Amino acid sequence: MDTSDFDYYLPKELIAQTPAEPRDSSGLLVLDKNSGDIKFKKFKDILDYVSPGDCVVFNDSKVMPARMYSINKKNNRKVEFLLLKNILELSCDDFKTWECLVSPGKHAKVNDKFWFQNSGMEAEIIDARDGVRVIKFTNIINFWAELDKIGTTPLPKYIQNQQKDASRYQTVYAKYIGSAAAPTAGLHFTENLLLDFQKKHVNLAFITLHVGLGTFQPVKTQNINEHVMHSEVYNMPKKTVDIIQETVRNNKKIFAVGTTVCRTLESIALKFNGELRPDAGETNIFIKPGFKFNIVHSLITNFHLPKSTLIMLVSAFAGIDNIKNAYKQAIENNMNFFSFGDAMLIL
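*Asks:* Help me understand unusual backbone geometry, please; the structure alone is not making it clear to me.
*Replies:* When glycine is set aside, most residues are seen to have a negative phi, and most peptide bonds are trans. Cis peptide bonds are those with omega within 30 degrees of zero, and the linkage from Glu21 to Pro22 qualifies with 0°. Structurally, Pro22 can be placed in the segment before strand S1 (27–31). Ser103 connects to Pro104 through a cis peptide bond whose omega is -5°. Residue placement: Pro104 occurs in the loop between strand S7 (97–103) and strand S8 (113–115). The backbone phi angle of Phe338 is positive, close to 75°, even though this residue is not glycine.

*Asks:* What's the story with the pairing of strand S2 (residues 38–42) in this structure? I'm lost.
*Replies:* If a strand is regular, its side chains alternate between the two faces of the sheet. Judged from the five bridges that link them, S1 and S2 form a sheet pairing that is antiparallel. What sits directly across from Leu29, in S2, is Phe40. Taken together, S1 and the strand that follows it, S2, pair antiparallel across an intervening segment of six residues, in which Gly36 is found at a positive phi of about 85°.

*Asks:* When you look at the pattern of salt bridges in this model, what are you seeing that I'm missing?
*Replies:* Going through the model one piece at a time under the given rule, you end up with 13 salt bridges. In this structure, Asp112 engages Lys74 in a salt bridge whose closest nitrogen and oxygen atoms are separated by 3.0 Å. Linking Asp112 in the loop between S7 and S8 with Lys74 in the loop between strand S5 (67–72) and strand S6 (78–86), this pair joins segments that are 38 residues apart in sequence. For Lys74, a relative accessible area of 60% puts it in the exposed group. Arg263 is paired through a salt bridge with Glu232; the nearest N and O atoms lie 2.5 Å apart. Placement of Arg263 in helix H5 (residues 259–271) and of Glu232 in strand S13 (residues 232–236) is noted, with a sequence separation of 31 residues between them. Judged on exposure class, the residue Arg263 and its partner Glu232 are both buried. Residues participating in the shared-partner salt-bridge network are Glu99, Asp127 and Arg129.

*Asks:* I would appreciate a short explanation of the environment of Asp60 in the present structure.
*Replies:* For Asp60, the location among the structural elements is in the loop between strand S3 (55–59) and strand S4 (61–63). Classification of Asp60 by relative accessible area gives buried; the value is 6%. Here the alpha-carbon distance between Asp60 and Ser179, two residues 119 residues apart in the chain, equals 10.0 Å.

*Asks:* Whenever I open this one, the sheet that holds S8 confuses me. Can you help?
*Replies:* Strand pairing within a sheet occurs via backbone hydrogen bonds; the two strands may be parallel or antiparallel. Spatially, the six strands close up into a barrel ordered S5-S6-S7-S10-S9-S8, and their pairing is antiparallel. Taken over all neighbouring pairs, the strand axes of this sheet differ in orientation by 45° on average, direction set aside. Bridge count for strand S9 (residues 122–129) against strand S10 (residues 132–138) is seven bridges, and the pairing is antiparallel. Each residue of the ladder has a partner; that of Arg129, found in S10, is Val132.

*Asks:* Any chance you could explain helix H6 (residues 309–318) here in plain terms?
*Replies:* Within an α-helix, residues lying three or four positions from one another point in the same direction, as the helix has 3.6 residues per turn. The element H6 is largely enclosed, with a buried count of nine among its 10 residues. Residues Thr309, Ile311, Met312, Leu313, Val314, Ser315, Ala316, Phe317 and Ala318 constitute the buried set of H6. Directly after H6, the chain includes Gly319, whose backbone phi takes a positive value near 100°.

*Asks:* Explain empty space enclosed by the protein to me, please; I cannot follow it from the model alone.
*Replies:* Over the atoms rolls a probe the size of a water molecule, and in doing so it shows where empty space is left. Scanning all chains against the criterion turns up one cavity of 30 Å³ or more. Of the voids in this model, the largest cavity is the one considered here, and its volume is about 70 Å³. Lining the largest cavity we find Pro19, Ala20, Arg23, Ser26, Arg168, Leu187, His188, Ser339, Phe340 and Gly341.

*Asks:* What is the right way to read the packing of aromatic side chains from this model?
*Replies:* Two descriptors summarise a pair of aromatic rings, namely the distance from one centre to the other and the angle between the planes of the rings. Overall, the coordinates contain 23 aromatic pairs when judged by the stated rule. Between Tyr8 and Phe337 the ring centres are 6.1 Å apart and the planes differ by 45°, which places this aromatic pair in the tilted class. Taken together, the residues span a long stretch of sequence, with Tyr8 in the segment before S1 and Phe337 in the loop between helix H7 (320–332) and strand S17 (343–346) at a distance of 329 residues. Its relative accessible area of 0% is what places Phe337 among the buried residues. Ring geometry for Phe189 versus Phe197: centroids 6.0 Å apart, planes at 50°, classification tilted. Summarising the burial analysis for this pair, Phe189 and Phe197 share the class buried. Its guanidinium or amino end placed over the ring of Tyr69, Lys78 lies 5.0 Å from that ring's centre, counting from NZ or CZ. Between Lys288 and the ring centre of Phe286, over which it is positioned, the NZ or CZ distance is 4.7 Å.

Rules of the game
Residues numbered from 1 in each chain as written. Predicted model: local features only at pLDDT ≥ 70, side-chain atom pairs only at ≥ 80, totals over all residues. Heavy atoms only, no water. Helix = DSSP H or I, 4+ residues; strand = E, 2+ residues; numbered from the N terminus. Pairing = 2+ DSSP bridges. Salt bridge = Lys/Arg side-chain N within 4 Å of Asp/Glu carboxyl O. Buried < 20%, exposed > 50% of the residue type's maximum accessible area, 1.4 Å probe, protein only. Axes fitted to C-alpha atoms, helices over the stretch in contact; angles between N-to-C directions. 1 Å grid on protein atoms, 1.4 Å probe; cavity = no way out; pocket = protein on both sides within 12 Å on 5 of 7 lines; lining within 4 Å. Points joined across faces, edges and corners; volume = space filled by probe spheres on them. Phe/Tyr/Trp six-rings, centres within 6.5 Å; stacked < 30°, edge-to-face > 60°. Lys NZ or Arg CZ within 6 Å of the ring centre and 35° of its normal.

Remember that the coordinates give geometry; whether it matters functionally is a separate question.
This is the structure in C-alpha cells:
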C-alpha cells in the first residue's frame, strides 16, 4: 500500500490547542468495526461500552521534561535536544547516554560539546545514526534532578499554546518516567472515571511502553512496507498478564487504551506465538493493514496525523474504509484532532 492511502485533509482550526476540561468531557466517536456504524458521544459515556469482567489496559509511562536547550561550546550556537531513549551502558541506574533529536542539526556534530544554563551538567555528541544523535552527559550528580531543573515538557510542534499546567500532558495514572511524548489516549481519563470502571467490576491493568522516536518519525517512503520503525522500551508485569488471561478465560473483552498499549500487547503475543507472558524488552513492531490481532478486542485512541504509522495501525484494526469514513465524519462534526483532541472508541 502507498503512504498516500492514509492521507486526509484536516482544517487547521480542528487541531486542538488546549485539553478539554474536565478531561472526560472531550468528544468520543464510537465506531463499530464490523458494521461501520458511528455514534457521537462524550468520553465519559465510555462506561456504557464496557461490561463487568472486561479488562481495560493502560500505559503508565510518564513523560520526561525531555526538551533541553544547550549552547555549543565551539561556536556558542543554541541547540535544542529532545531526549528519546536511554541507552544503558552498565546498569539500570546509568542515565548518561541517550538517543535524541537535535535542532538545528548543522550545529550538532559528532564530538561537539555543550553546556546548559543553570546546570553544571555538560554533554557531548558521540554518534549520529538513523536520523538521531547519541549524546553522553558528564558532570552528573543527580540526572533526574538536573533534568527537572533545565528540561521542559516536549509538546508536539502543532500545539502552539504553551501549557501553564504541565500535568495536563500527563495521564492521571502516569508512574514510570521515560517517555518523550504522552500516550495521549489516556489523557481523557479522570481519577473518578477510573473509580467508576472499578465500581462496574471492570478490571484495570497496566503495561509500560516509553514513547520514543516512532511518535515523531514520519513515513517518508511511498510504499509503507519500506518504512522502518524505531524501537521503544516496554515492560509487561505478571499481574497484568494474569488479569488479561483471566479475562480471556471468562470470554470477556480486552480494551487497549491507545496505540502504545495495542503495540505492546500484540508485540508480546507475536513473540510468544499468540500468548502473553511477563516480559520486558524493546519492540519495533509496525502494525499495518493485513496484521492479525491476537489480544486486543477494542481500541480507545485519538485521531492521528495523516500518513502516520498510527493511522495505519487503526486502519489495520478497523479497516481502512471505516477509518476514512470515521475521520470524514469527525471533521464534518468539528471534532478536535491530535494530542489534546477528542477520542475514538473502536468496537
